[in-house]
Amino acid sequence: MGLIYGYDIYLRPRNVARALANLAELAPPTRAVPPLEITLPGGERLVLPFTSHFTSEPVDCSTSSTLVLDTSLMFDVDDALREYARTDGPEPGADGRIQIGYIYATIRFESFLHPGYTSVECWAATSRMSRLFARSPNIRKVFTDLAAASGGVCCLFDTGDGGPEQVFWLNGETTQEMVSGPRFPDRRALVATWSDPER
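Computed from a prediction, not measured in an experiment: that's the story for all the values here. (Residues numbered from 1 in each chain as written. Predicted model: local features only at pLDDT ≥ 70, side-chain atom pairs only at ≥ 80, totals over all residues. Heavy atoms only, no water.)

Student: Describe the environment of Leu46, with residues and values.
Tutor: Examined against the element boundaries, Leu46 turns out to sit in strand β3 (residues 45–48). Along the chain, Leu46 and Ala189 lie 143 residues apart, while their C-alpha atoms are 35 Å from each other. Discounting residues that sit within four places of it in the chain, Leu46 has contacts with Ala17, Leu20, Leu36, Glu37, Ile38 and Leu40. (Helix = DSSP H or I, 4+ residues; strand = E, 2+ residues; numbered from the N terminus. Contact = heavy atoms within 4.5 Å.)

And the structure:
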């Protein structure tokens, strides 16, 4: 098993459509696949520039607890992304942004941490991308900005192996705290800082 690092964004269920629309804005301007139509649990419909299980067949989430998306996103180049592009990726575009490989997004309409919150979990497809997720400040900024724009309560860097995690966005503010650290000895302590999801 390789490294599986990702950014987990936690938000109120009413903000899921906004989060997915914001995620879609990060997609490359041109794609060779047809758009994907999604029906969310409340009946709202979205058309996204991604695939689900690598197909563009419409997805109805009204009876599903999860939605899986295969995404490719654009990032402003920083030193870590520039180094990655030299060996693994396409060259940065004229706009100074770069597209890296697949990022798998799993939307859990009832998150593992708190069933009243939805999670948007964005995972790197390879170990090399996972290391890039850990090193690149611009990748981190994209996901913390996404949390902020989507009304998220938390953005967590998840190493996927049970090791310590880092909190980069919490209740409207950027931060840098460890889960298994002094402020948050465990995930329960982190979740205790979130407000009632109905408010």
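Student: Describe the environment of Thr106, and please don't skip the residues or the numbers.
Tutor: Take Thr106: it is sitting in strand β8 (residues 103–108). By relative accessible area, which is 14% here, Thr106 ends up buried. Taking C-alpha positions, Thr106 is 23 Å from Thr30, a pair spaced 76 residues apart along the chain. Ignoring any residue separated from it by four or fewer positions in sequence, one finds Thr106 in contact with Leu67, Val68, Ser119, Val120 and Glu121. (Buried < 20%, exposed > 50% of the residue type's maximum accessible area, 1.4 Å probe, protein only.)

Student: How would you summarise helix α1 (residues 16–24) if you had to cite specific residues and measurements?
Tutor: Burial analysis of α1 places seven of its nine residues in the buried class, which makes it a mostly covered element. Among the residues of α1, Val16, Ala17, Ala19, Leu20, Asn22, Leu23 and Ala24 are the ones counted as buried. As for α1, its buried residues are in contact with β1 (6–11), β3, β5 (66–71), β8, β9 (118–124) and α4 (137–149).

Student: Report on the layout of surface pockets, specifying residues and quantitative values.
Tutor: Considered as a void within the structure, the largest pocket measures approximately 220 Å³ in volume. As for the largest pocket, its lining consists of 13 residues, of which Leu26, Lys141, Val142, Asp145 and Leu146 are closest to the centre. If you tally residues by element for the lining of the largest pocket, the top one is α4, at six residues. Counted by class, the lining of the largest pocket contains six nonpolar, two polar and five charged residues. Every residue lining the second largest pocket is listed: Pro13, Arg14, Val16, Ala17, Leu40, Pro41, Gly42, Glu44, Phe109, Glu110, Pro115 and Thr118. (1 Å grid on protein atoms, 1.4 Å probe; cavity = no way out; pocket = protein on both sides within 12 Å on 5 of 7 lines; lining within 4 Å. Points joined across faces, edges and corners; volume = space filled by probe spheres on them. Nonpolar A, V, L, I, M, F, W, Y, C, P; charged D, E, K, R; others polar.)

Student: Can you break down the packing of aromatic side chains residue by residue, with the values?
Tutor: In this structure the tally under the stated criterion is twelve aromatic pairs. An angle of 45° between the planes, with centres 6.5 Å apart, marks the rings of Tyr7 and Phe168 as tilted. One end of the pair, Tyr7, is in strand β1; the other, Phe168, is in strand β11 (residues 165–170), and 161 residues separate them in sequence. Accessibility expressed as a relative area gives 1% for Tyr7, which makes it buried. Here Phe54 and Tyr102 contribute two aromatic rings whose centre-to-centre distance is 5.1 Å and whose plane-to-plane angle is 90°, an arrangement assigned as edge-to-face. Of this pair, Phe54 sits in the loop between β3 and β4 (59–60) while Tyr102 is found in the loop between β7 (97–99) and β8, placing the two residues 48 residues apart along the sequence. Residue Phe54 is classed as partly exposed on the basis of its relative accessible area of 49%. Through a chain of ring-to-ring contacts, the aromatic side chains of Tyr5, Tyr7, Phe75, Phe133, Phe143, Phe157 and Phe168 assemble into a single cluster. The ring centre of Phe168 lies 4.9 Å from the NZ or CZ of Arg140, which sits over that ring. (Phe/Tyr/Trp six-rings, centres within 6.5 Å; stacked < 30°, edge-to-face > 60°. Lys NZ or Arg CZ within 6 Å of the ring centre and 35° of its normal.)

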